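If you want the building blocks of each chain, they are given just below.
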Amino acid sequence: MKLHRPVVSVYTVPTDAPEADGTLAWDSTTMVIAEVTTGDETGTGWTYGPPTVGDFIRDQLAPLVEGRSALDIPSVHDAMCRSIRNAGRPGVAAGAISAVDIALWDLKARLLGLPLARLLGVCRERVPVYGSGGFTTYHDTHLAAQLNGWVHGQHIPRVKIKIGESWGRAVPRDLARVHAARQVIGPEAELYVDANGAYTRKQAVRVGRALAEHGVGWFEEPVSSDDLTGLRLVRDALVCDVTAGEYGYGLPYFARMIAAGSVDCLQIDATRCGGITEFLRAAALAQAHGLEVSTHCAPHAHAAAAASLPNLRHMEWFHDHVRIEDMFFDGALDPTGGTVRPTYGLGHGLTLRTDEVEEYRVG
């Protein structure tokens, strides 16, 4: 079962409305897809990042993957990681490894005639999700419609919105939006916020104390995730959970964040950290330190692996990526009721709609 050279495609999809968080704005999202094949079976993996990720797969990783055993994923993964020493791992290289690794796991499960969740072994049949969006560019009616759709339409009992607008320079509007969100979702649903590192340390503490009045239980990246001391300071000062980890591009990053006592729940992104292989290792590291984990973005890339984790809290049902994955794949999951069930079909259960999405292809 020797692997053929991976095939790469790159797609850019405009957002359905202007999107921004506390520190960045965007009007399109680029998805890089890697397909690995042996015999008549193909596995599909992807990441979100610049088109150069696709170039990196073609030029740097594809020659290493070709000819290796489709069943020996640790060997392929290790070869890819060793090859990028001089290129540097964070960013483009890590995203490229992640896409190929996800494709390898999908392929292996298909070769064995199994859902990926069964290959990994399930700890839970259903994976809890939280609705994620609430961009700072949304006007009040747009925000209300999105939150209402999740909580009262799909009965997802937990949601997250963006705050920290304009690098923390619009705190009154941040708090007004949090108040409006609570009014829409009611007193029972869980309310989360994500500042994307927009606040200073003491500013984040002040904002966090105000958030407590609205029952906010999850404060994501109140300060930069690179500021481990600042995260710990905020965590110690507030009653809500402080979370981060989405910019972890390898296991040492998570080890440092955990050792610093910076978070109450570790976020892991398989499309950035090194695929499912590294995702599972990071989750095990968190469990060894008594921490739960939550997946970041790209929900369909995470669902099967998330089902295998005893220390999973939930999975992010991120509007931007959910919309794209629904467009691009047959077999997309249904979060109605607040959970998804990733135990059907072969592999991760998704099939790329190649012809239907050709209009978005850029590489």
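As a reminder, the structure under discussion sits directly above these lines.
Residues numbered from 1 in each chain as written. Predicted model: local features only at pLDDT ≥ 70, side-chain atom pairs only at ≥ 80, totals over all residues. Heavy atoms only, no water.

Caption draft 1: Fine view of the layout of surface pockets. Roughly 780 Å³ of internal volume is contained in the largest pocket. Lining the largest pocket we find 36 residues, and of these Leu24, Glu246, Tyr247, Arg272 and His296 sit closest to its centre. Where the lining of the largest pocket is concerned, the elements lending two or more residues are strand S2 (25-38), strand S3 (41-48), helix H3 (92-111), helix H11 (270-273), strand S11 (312-318) and helix H14 (319-328). Broken down by element, the lining of the largest pocket gets its largest block of residues, four residues, from S2. Split by residue class, the lining of the largest pocket holds ten nonpolar, 15 polar and eleven charged. (1 Å grid on protein atoms, 1.4 Å probe; cavity = no way out; pocket = protein on both sides within 12 Å on 5 of 7 lines; lining within 4 Å. Points joined across faces, edges and corners; volume = space filled by probe spheres on them. Helix = DSSP H or I, 4+ residues; strand = E, 2+ residues; numbered from the N terminus. Nonpolar A, V, L, I, M, F, W, Y, C, P; charged D, E, K, R; others polar.)

Caption draft 2: Structural context of the side chain of aspartate 264. Inspection of the secondary structure puts aspartate 264 in the loop between helix H10 (251-259) and strand S9 (265-268). Within the structure, the side chain of aspartate 264 is placed 2.7 Å from the side chain of arginine 235, a separation counted as a polar contact. For aspartate 264, the residues in contact, after removing those within four places along its chain, are Arg235, Cys240, Asp241, Val242, Leu291 and Arg313. (Polar contact = N/O pair within 3.5 Å; in protein donor to acceptor, adjacent residues only side chain to side chain. Contact = heavy atoms within 4.5 Å.)

Caption draft 3: Representation of H14 in the model. When you tally the buried positions in H14, you get seven out of ten residues, the bulk of the element. Turning to H14, its buried residues are His319, Asp320, His321, Val322, Ile324, Glu325 and Phe328. (Buried < 20%, exposed > 50% of the residue type's maximum accessible area, 1.4 Å probe, protein only.)

Caption draft 4: Expanded view of the sheet that holds S3. Strand order across the open sheet formed by three strands is S1-S2-S3, with antiparallel pairing between neighbours. Since the sheet does not close on itself, it has two edges, and those belong to strand S1 (7-20) and S3, each with one partner. Neighbour-to-neighbour, the strand axes of the sheet open up by a mean angle of 25°, direction not taken into account. In this structure, S1 lies alongside S2, joined through ten bridges in antiparallel fashion. Residue serine 9 lies in a different strand from S2, and its bridge partner there is isoleucine 33. Packing against the sheet, H3 makes contact with S2 and S3, and its axis sits at approximately 150° to S3. (Pairing = 2+ DSSP bridges. Axes fitted to C-alpha atoms, helices over the stretch in contact; angles between N-to-C directions.)

Caption draft 5: Focus on a nonpolar patch on the surface. Residues Met1, Leu71 and Leu112 make up a contiguous nonpolar surface patch of roughly 270 Å² in combined accessible area. Along the chain, the position of methionine 1 falls in the segment before S1. The class for methionine 1 is exposed, based on a relative accessible area of 55%. (Patch = residues over 30% accessible without salt bridge, like charges linked within 9 Å, V, L, I, M, F, W, Y side chains within 5 Å. Areas by Shrake-Rupley, 256 points an atom, 1.4 Å probe, with all protein chains shown as cover. Salt bridge = Lys/Arg side-chain N within 4 Å of Asp/Glu carboxyl O.)

Caption draft 6: Expanded view of H3. The terminal C-alpha atoms of H3, which comprises 20 residues, lie 29 Å apart, in line with the 28 Å expected from a rise of 1.5 Å per residue. Of all 20 residues in H3, 18 are buried; the element is thus mostly enclosed. (Expected span 1.5 Å × (residues − 1).)

Caption draft 7: Examining the nonpolar core more closely. Formed by 110 residues in total, the largest nonpolar core has its most connected members in Ile57, Ile163, Phe219 and Phe328. In terms of residues, this core owes the most to one element, H3, which gives eleven residues. Residues in contact with phenylalanine 328, not counting those within four places in the same chain, are Tyr11, Val13, Met31, Ile33, Thr351, Leu352, Arg353, Val357 and Tyr360. (Core = buried A, V, L, I, M, F, W, Y, C linked by side-chain atoms within 4.5 Å.)

Caption draft 8: A look at empty space enclosed by the protein. The tally for this structure, following the rule as stated, stands at one cavity of 30 Å³ or more. Its volume calculated, the largest cavity comes out at about 50 Å³. Elements with a contribution of two residues or more to the lining of the largest cavity: H3 and helix H13 (299-306). Among the elements that line the lining of the largest cavity, the one with the most residues is H13, at six residues.

Caption draft 9: Expanded view of the pattern of salt bridges. What the rule picks out here adds up to 23 salt bridges. We note a salt bridge from glutamate 66 to arginine 5, for which the minimum N-O separation is 3.0 Å. Of this pair, glutamate 66 sits in the loop between helix H1 (52-65) and helix H2 (73-83) while arginine 5 sits in the segment before S1; the two residues are 61 residues apart in sequence, bridging distant segments of the chain. Given the relative accessible area of 40%, glutamate 66 is considered partly exposed. Close ionic contact of arginine 232 with aspartate 236 constitutes a salt bridge, the shortest N to O distance being 3.0 Å.

By themselves these figures say nothing about function.
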